[in-house]
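The primary structure of each chain is shown beneath.
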Amino acid sequence: MPELPEVESLIRTLRDGSPALPGRVVMRADIVWDGVLANCCDNVFQASIRNSKFSAINRHGKYLIFALTAPEPPKNIFFLIVHLRMTGRLYLVSQEHALSRFTRISLQLDEGLALRFDDPRKFGRVWLVQNPAEVTFGLGPDALTVDFTYFASCIVEHRRQIKPLLLDQSFVAGIGNIYADECLFRAGINPITLSDALNNKDIERLYTAVIGVLSEAVDTQGANIDGVFKEGRFAVSVYGRTGRPCLVCNTAIAKIRVGQRGTHYCPSCQPLQFNHT
DNA sequence: CACTCTACCTGTGCGC
DNA sequence: TGCGCACAGGTAGAGT
């Protein structure tokens, strides 16, 4: 599942890899499945993006934000927003490369290239907007650069289980199920601890864990999880390791459901200490 | 406000 | 081999 580190990794590949996306011009848009278009119809999408040139690539949480320059003066800037959700994939290939059965959009570019969006589950969406905030207005600050004061005050001002709070994109943007489990493990915090029961030291450890886990995962091009997501080299400690020994204390990793999500943790390293009411 | 459930989807992997 | 089914999870929206 692409989360913040996988999305950031993808941006770097598209921006700095070879071939690179910035500077490429869209010759034609092929919408293979129009359910992927979140805010416009097939015709409008094709007409709007045609002959536009890709420039900056950015990200807010798990949303990819592609700046494009329209061809005719005044050459206004607009944005293609992409959310990969769970199984979306975005990649640059030669136009000769055959479409996969899961290709939903193929953008034909100059220089014989194509930007493909594949998504078996059809959960991923794309938007075309004048301002990225039209899509990202509900998101909290990006998890990689969130500041401690904001982070700490949101935690104590709410009274929610800490894991669902970490997953709440309006609190911080970018953490998904895998990294939520990893961050809580590193911080030694039980996933169902109520947020207002955390003291300053706990919050500091959690903040350090969030920034640390996510930046390490970015540095290693994302997570490496058997059968789930194997693009990168970031080794998970608890996610998907149910029943296997904790890497710190050898206790069997437990799996429970928290807010309808599979949740992995070490009962010994992450004891539930203070959920008084 | 916090929570739970459902819908959206389909590939994968299990038990039988 | 093949069938049925639980499972995976990001997000929105409705309901408790």
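Values in this document were obtained by computation on a predicted structure and should not be read as measured data. (Residues numbered from 1 in each chain as written. Chains lettered and ligands numbered in written order. Predicted model: local features only at pLDDT ≥ 70, side-chain atom pairs only at ≥ 80, totals over all residues. Heavy atoms only, no water.)

Digging into the protein's contact with DNA strand B
Inspection of the region around DNA strand B gives Arg 101, Phe 102, Pro 120, Arg 121, Lys 122, Phe 123, His 158, Arg 159, Arg 160, Gln 161 and Gln 260 as its neighbouring residues. When atoms of DNA strand B within 4 Å of the protein are split into backbone and base, the sugar-phosphate part holds 66%. Arg 121 has a polar side-chain atom sitting 2.3 Å from a base oxygen of DNA strand B. The separation between a phosphate oxygen of DNA strand B and a polar main-chain atom of Gln 161 is 3.5 Å. Tallied by class, the residues present in the surface near DNA strand B amount to 3 nonpolar, 3 polar and 5 charged. (Near = heavy atom within 4 Å. Polar contact = N/O pair within 3.5 Å; in protein donor to acceptor, adjacent residues only side chain to side chain. Nonpolar A, V, L, I, M, F, W, Y, C, P; charged D, E, K, R; others polar.)

Considering the protein's contact with DNA strand C
Taken together, 15 residues surround DNA strand C, and among them Met 86, Arg 121, Tyr 239, Lys 255 and Arg 261 come closest. The protein-proximal atoms of DNA strand C, defined as those within 4 Å of the protein, are 53% sugar or phosphate. Taking Lys 62, its side chain carries an N or O atom lying 3.4 Å from a phosphate oxygen of DNA strand C. Arg 261 is positioned such that a nitrogen or oxygen atom in its side chain is 2.8 Å from a phosphate oxygen of DNA strand C. Among the elements of the structure, β11 (254-258) and β12 (261-265) are those that each provide at least two residues to the surface near DNA strand C. (Helix = DSSP H or I, 4+ residues; strand = E, 2+ residues; numbered from the N terminus.)

A closer look at the domain arrangement of chain A
Bring the parts together and some accessible area is lost; that lost area is often taken as the interface size. By domain assignment, chain A separates into domain 1 (4-136) and domain 2 (148-265). In this complex, domain 1 contributes 9 residues to the contact, which on the side of domain 2 involves 13 residues. Surface buried jointly by domain 1 and domain 2 totals about 860 Å² across both partners, of which 67% is contributed by carbon and sulfur atoms. Our count for the contact surface shared by domain 1 and domain 2 stands at 0 salt bridges. One can count 3 residue pairs in polar contact (both at pLDDT 80 or more) joining domain 1 with domain 2. A total of 6 residues in the side of domain 1 that touches domain 2 trace back to one element, the largest contributor, which is helix α1 (residues 4-16). Among the residues forming the side of domain 1 that touches domain 2, the class breakdown is 2 nonpolar, 3 polar and 4 charged. (Domains from an automatic or database assignment. Contact = heavy atoms within 4.5 Å. Buried area = accessible area lost by both parts, 1.4 Å probe. Salt bridge = Lys/Arg side-chain N within 4 Å of Asp/Glu carboxyl O.)

A closer look at unusual backbone geometry
One can expect most non-glycine residues to show negative phi and most peptide bonds to be in trans. Cis geometry is adopted by the peptide bond preceding Pro 19, which originates at Ser 18 and carries an omega value of 5°. Relative to the elements of secondary structure, Pro 19 occurs in the loop between α1 and β1 (26-31). A positive phi angle is found at Gln 260, which is not glycine, with a value near 70°. Note that Gln 260 resides in the loop between β11 and β12. Looking at Gln 260, the relative accessible area reads 65%, which means it is exposed. (Buried < 20%, exposed > 50% of the residue type's maximum accessible area, 1.4 Å probe, protein only.)

Structural notes on the sheet that holds strand β5 (residues 89-94)
Overall, antiparallel pairing links the 4 strands, which are arranged β1-β6-β7-β5 in an open sheet. At either margin of the open sheet sits one strand with a lone partner, and together these are β1 and β5. For this sheet, the mean angle separating the axes of adjacent strands, direction not counted, is 20°. Where strand β6 (residues 103-109) and strand β7 (residues 113-118) come together, 5 bridges link them in antiparallel fashion. When the sheet's bridge partners are listed, Ser 106 is paired in β7 with Arg 116. Along the sheet face, helix α2 (residues 42-49) touches β1 and β6 and points at about 165° away from the line of β1. (Pairing = 2+ DSSP bridges. Axes fitted to C-alpha atoms, helices over the stretch in contact; angles between N-to-C directions.)

Structural notes on the packing of aromatic side chains
In total, this model carries 7 aromatic pairs according to the counting rule given. Ring geometry for Phe 151 and Tyr 207: centres 5.4 Å apart, planes at 65°, overall edge-to-face. Of the two residues, Phe 151 is situated in helix α4 (residues 148-157) and Tyr 207 in helix α7 (residues 200-219); the sequence distance between them amounts to 56 residues. Each of the two residues, Phe 151 as well as Tyr 207, counts as buried. One aromatic cluster in this structure is built from Phe 148, Tyr 150, Phe 151, Phe 171 and Tyr 207. Sitting above the plane of the Phe 123 ring, Arg 121 keeps its charged end 5.3 Å from the centroid. (Phe/Tyr/Trp six-rings, centres within 6.5 Å; stacked < 30°, edge-to-face > 60°. Lys NZ or Arg CZ within 6 Å of the ring centre and 35° of its normal.)

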